[in-house]
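Understanding the architecture of this molecule
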Amino acid sequence: MTTGKLLIFSAPSGSGKTTIVKHLLKMNFNLSFSISATSRPPRHTEKHGVDYFFLSPEEFKQKIDEGAFLEWEEVYADRYYGTLKSDVENKLSKGINVIFDVDVIGGLNIKKYYAERALAIFIQPPSIAELKKRLESRGTDSAEVIQSRIDKAAYELTFRDQFDVCIINDSLQDAIVKTEEIVHAFLNK
């Protein structure tokens, strides 16, 4: 049996990566979503074990000490995100391709760990102004949180050249079509 491959999607918050990942999961690519662990509280529609593994900051830190994460990052103060090694390795060993929707630094760490078995894709917003508009239209964050995400996005954009592929999401449909083509070619090589 062949082992699975990894598709890593990273982007500034609001760039459209989650929408693209959800679309790919509906395609016939033998994909399983890598559910990240986080220490942030769930949003109103999120479920433990479906959207994230929600852990307290103390539980998260204990798992770090145990070496349970493939990658982890303290994205904001006491807001950790990470990928559990056991979940990913179990899927790969069954020949399932694993798709990630992760922070930019986490994405690069996973790519470094798996090298050629992984394809790292950066989804870029057309502009910071458009990104701000998208974040505001969500209606889920305060003005301070949005500004914090915009500041972080400017920093994250500096990493785009370290990814295998950069897709500019100025048209969601075009970005989806281009992503499908790239993923198909990677999984079939």
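Scroll up for the structure.
Reading the values: rules and limits
- Residues numbered from 1 in each chain as written.
- Predicted model: local features only at pLDDT ≥ 70, side-chain atom pairs only at ≥ 80, totals over all residues.
- Heavy atoms only, no water.
- Axes fitted to C-alpha atoms, helices over the stretch in contact; angles between N-to-C directions.
- Helix = DSSP H or I, 4+ residues; strand = E, 2+ residues; numbered from the N terminus.
- Parallel < 35°, antiparallel > 145°, perpendicular 65-115°, else oblique.
- Left-handed = near helix turned anticlockwise from the far one by under 90°.
- Contact = heavy atoms within 4.5 Å.
- Nonpolar A, V, L, I, M, F, W, Y, C, P; charged D, E, K, R; others polar.
- Pairing = 2+ DSSP bridges.
- Polar contact = N/O pair within 3.5 Å; in protein donor to acceptor, adjacent residues only side chain to side chain.
- Phe/Tyr/Trp six-rings, centres within 6.5 Å; stacked < 30°, edge-to-face > 60°.
- Lys NZ or Arg CZ within 6 Å of the ring centre and 35° of its normal.
- Core = buried A, V, L, I, M, F, W, Y, C linked by side-chain atoms within 4.5 Å.
- Buried < 20%, exposed > 50% of the residue type's maximum accessible area, 1.4 Å probe, protein only.

Our next topic: the packing of helix H1 (residues 17–25) against helix H7 (residues 172–187). Two elements in contact, H1 and H7, have axes separated by 10 Å at closest approach and are oriented at 50°. Comparing the axis directions of H1 and H7 gives the class oblique. Between H1 and H7 lies a crossing whose hand is right-handed. Every residue of H7 that contacts H1 at Thr19, Ile20, His23 and Leu24 is listed here: Leu172, Ala175, Ile176, Thr179, Glu180 and Val183. Classifying every residue of the contact of H1 with H7 gives six nonpolar, three polar and one charged.

You can see Ser39 is positioned in the loop between strand S3 (37–38) and strand S4 (53–54). What Ser39 contacts, discounting residues up to four positions off in sequence, is Leu55, Ser56, Pro57, Phe60, Asp78, Arg79 and Tyr80.

So, on to the packing of helix H5 (residues 128–138) against helix H6 (residues 143–156). Axis angle and axis distance: for two packed helices, these are the angle between their axes and the distance between the axes, and together they describe the pair. The interhelical angle for the contact between H5 and H6, taken along N-to-C directions, is 145°, at an axis separation of 10 Å. Handedness of the H5/H6 crossing: right-handed. Contacts between H5 and H6 involve Ile128, Leu131, Lys132, Leu135 and Glu136 from the first element and Ile146, Gln147, Arg149, Ile150, Ala153 and Ala154 from the second. When the residues that make up the contact of H5 with H6 are grouped by side-chain class, the tally is seven nonpolar, one polar and three charged.

Consecutive side chains of a regular strand alternate in pointing toward one face of the sheet and then the other. Note: strand S5 (residues 69–76) against strand S6 (residues 79–84), six bridges, orientation antiparallel. Residue Glu74 lies in a different strand from S6, and its bridge partner there is Tyr80. Between S5 and S6, which follow one another and run antiparallel, lie two residues, and Asp78 among them has a positive phi close to 60°.

The topology assignment puts Ser15 in the loop between strand S1 (6–10) and H1. A polar contact is formed between the side chain of Ser15 and the backbone oxygen of Pro12, at a distance of 2.8 Å.

A word on the sheet that holds S5. Strand order across the open sheet formed by four strands is S4-S3-S6-S5, with mixed pairing between neighbours. The strands lining the two open edges of the sheet, one partner per strand, are S4 and S5. This element, helix H2 (residues 57–66), spans S3, S5 and S6 of the sheet and lies at about 45° to S6. Lying over the sheet, helix H4 (residues 104–114) contacts S5 and S6, oriented at roughly 160° with respect to S5.

What follows concerns the packing of aromatic side chains. Enumeration according to the criterion identifies eight aromatic pairs in this entry. Plain terms: the ring middles of Trp72 and Tyr80 are 6.1 Å apart, the flat faces sit at 50° to each other, and that makes the pair tilted. The side chain of Lys152 reaches across the aromatic face of Tyr76, ending 5.9 Å from its centre.

Among soluble globular proteins, nonpolar side chains are generally buried collectively. Counting residues in hydrophobic clusters, the biggest one holds 20 residues, and the most contacted among them are Leu7, Phe9, Leu24, Ile121 and Val183. The set of elements that each furnish at least two residues to this core consists of S1, H1, strand S8 (118–124), strand S9 (165–168) and H7. Among the elements that make up this core, the one with the highest residue count is H7 (six residues). If near-sequence neighbours (up to four positions away) are discounted, Phe9 is found in contact with Lys17, Ile20, Val21, Leu24, Ile99, Phe100, Asp101, Val102, Ile121, Ile123, Thr179 and Val183. In terms of nonpolar packing, the next biggest core, distinct from the first, is built from 19 residues, Val88, Ile105, Ala118 and Phe163 among them.

Ordered in space as S2-S7-S1-S8-S9, the five strands form an open sheet in which the pairing is parallel. Edge positions in the open sheet fall to strand S2 (31–33) and S9, since each of these has one partner strand only. Here the average twist between neighbouring strands, direction ignored, is 25°.

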